[in-house]
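Spelled out, the chains give:
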Amino acid sequence: LRWHPRTNRLFTGDAQGWLNCWEFAVTARELRPTGPPISQALHAEAITEILPMPDGGLVVASMDSGMALVEPLRCMVVTRYTGHNAGILALAVCEDYNLLFSAGYDPEPLAWLASTPDCKPFRLHDLHGHIGPINSIHHNPNTPELLTADTCGMVKVWDVRTLRCFQTIQCALDPPDGVHNIKEFKGIAHFAR
């Protein structure tokens, strides 16, 4: 589910890989759909993430290991990204360095040049990689820090300038169901005293 304010459209993805787009009329008092959704079979499996890009496009990721860059005004695929071997669970964009990051069931997150989707991705490799599926990825704005977390409770902090991990944190407490579900990061700003 993703609202696209530039076009006044709501985008949703479903378990069959369809992207749905609803156009809304926005007034001071209400938000109402202007008609039925535009639907498009975008992926072969469930859509897991819809990420707005700084240039106005949307990147749509799926369990079929693919990603598509969608032009939201026409709801058309501009290009497809290939490089993952398994399903994608999380996306992040780093506008300062023009990078798009994707992660999921592959043991390593991937970095893409955001303005050049046809190039091959870079793998963020670490000697002690993630143990479980990477279910969260976050770029701290105005910093070179990227954070990834997996379902086993491992958190890695990466430097997007070098694409290297500089810190690994393992959550020590076991959750009741045995699966760490770190789905969202919140950046903490550093202020000089």
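Residues numbered from 1 in each chain as written. Predicted model: local features only at pLDDT ≥ 70, side-chain atom pairs only at ≥ 80, totals over all residues. Heavy atoms only, no water.

Please provide a residue-by-residue account of the pairing of strand 16 (residues 154-159), values included.
Burial of strand 16 is extensive: 6 of the 6 residues sit out of reach of the surface. With burial as the criterion, each face of strand 16 is covered, one bearing Met154, Lys156 and Trp158 and the other bearing Val155, Val157 and Asp159. Where strand 15 (residues 145-150) meets strand 16, 5 bridges bridge the pair, whose relative direction is antiparallel. Paired with Leu147 across the strands is Val157, a residue of strand 16. (Buried < 20%, exposed > 50% of the residue type's maximum accessible area, 1.4 Å probe, protein only. Helix = DSSP H or I, 4+ residues; strand = E, 2+ residues; numbered from the N terminus. Pairing = 2+ DSSP bridges.)

Before we move on, could you go through the packing of aromatic side chains and cite the residues and values that matter?
Per the stated rule, a full pass over the model turns up 2 aromatic pairs. Between Tyr81 and Trp112 the ring centres are 5.2 Å apart and the planes differ by 75°, which places this aromatic pair in the edge-to-face class. Placement of Tyr81 in strand 9 (residues 76-81) and of Trp112 in strand 12 (residues 110-113) is noted, with a sequence separation of 31 residues between them. You'll find Tyr81 and Trp112 in the same group, each marked buried. (Phe/Tyr/Trp six-rings, centres within 6.5 Å; stacked < 30°, edge-to-face > 60°.)

With reference to specific residues and values, describe the sheet that holds strand 15.
Here we have 4 strands laid out as an open sheet, ordered 14-15-16-17, and antiparallel in their pairing. Of all strands in the sheet, those bounded by a partner on one side alone are strand 14 (134-139) and strand 17 (164-170). Across the sheet, the axes of successive neighbouring strands diverge by a mean angle of 20°, strand direction being ignored. Where strand 16 meets strand 17, 6 bridges bridge the pair, whose relative direction is antiparallel. Across the sheet, residue Val157 finds its bridge partner in strand 17, namely Gln167. (Axes fitted to C-alpha atoms, helices over the stretch in contact; angles between N-to-C directions.)

Give me the nonpolar core: which residues, what numbers.
Nonpolar side chains in soluble globular proteins tend to end up buried together. By size, the foremost hydrophobic cluster in this structure holds 15 residues, and its most contacted members are Phe101, Leu124, Ile137, Leu146 and Val160. Within the residue set of this core, elements represented by two or more residues are strand 10 (88-94), strand 11 (99-104) and strand 14. By size, the runner-up hydrophobic cluster in this structure holds 13 residues, among which are Val59, Tyr81, Ile88 and Leu91. (Core = buried A, V, L, I, M, F, W, Y, C linked by side-chain atoms within 4.5 Å.)

Got a sec to walk through the sheet that holds strand 7 (residues 58-62)? Specific residues and values, please.
Ordered by their spatial adjacency, 4 strands build an open sheet running 6-7-8-9, and the pairing between neighbours is antiparallel. A strand with exactly one partner marks an edge of an open sheet, and here the two such strands are strand 6 (47-52) and strand 9. Between one strand axis and the next, the sheet turns by 25° as a mean value, whatever way the strands run. When strand 7 meets strand 8 (residues 67-71), the two strands line up antiparallel, connected through 4 bridges.

Provide a residue-level description of the environment of His43, including the pertinent values.
Within the secondary structure layout, His43 lies in the loop between strand 5 (38-41) and strand 6. Put simply, His43 and Asp64 are 21 residues apart on the chain and 6.8 Å apart in space, counted from C-alpha to C-alpha. Those residues in contact with His43, other than ones at most four positions away along the chain, are Gln16, Gly17, Val60, Ala61, Ser62, Asp64, Gly66, Met67, Ala68 and Arg80. Reaching out from His43, the side chain makes a polar contact with the backbone oxygen of Val60 at a distance of 3.2 Å. (Contact = heavy atoms within 4.5 Å. Polar contact = N/O pair within 3.5 Å; in protein donor to acceptor, adjacent residues only side chain to side chain.)

Can you break down a nonpolar patch on the surface residue by residue, with the values?
Taken together, the side chains of Trp3, Val26 and Leu31 make up a nonpolar region of the molecular surface, amounting to roughly 270 Å² of accessible area. As for its position among the elements, Trp3 is in strand 1 (residues 2-4). (Patch = residues over 30% accessible without salt bridge, like charges linked within 9 Å, V, L, I, M, F, W, Y side chains within 5 Å. Areas by Shrake-Rupley, 256 points an atom, 1.4 Å probe, with all protein chains shown as cover. Salt bridge = Lys/Arg side-chain N within 4 Å of Asp/Glu carboxyl O.)

These results come straight from atomic positions and should not be treated as a statement about function.
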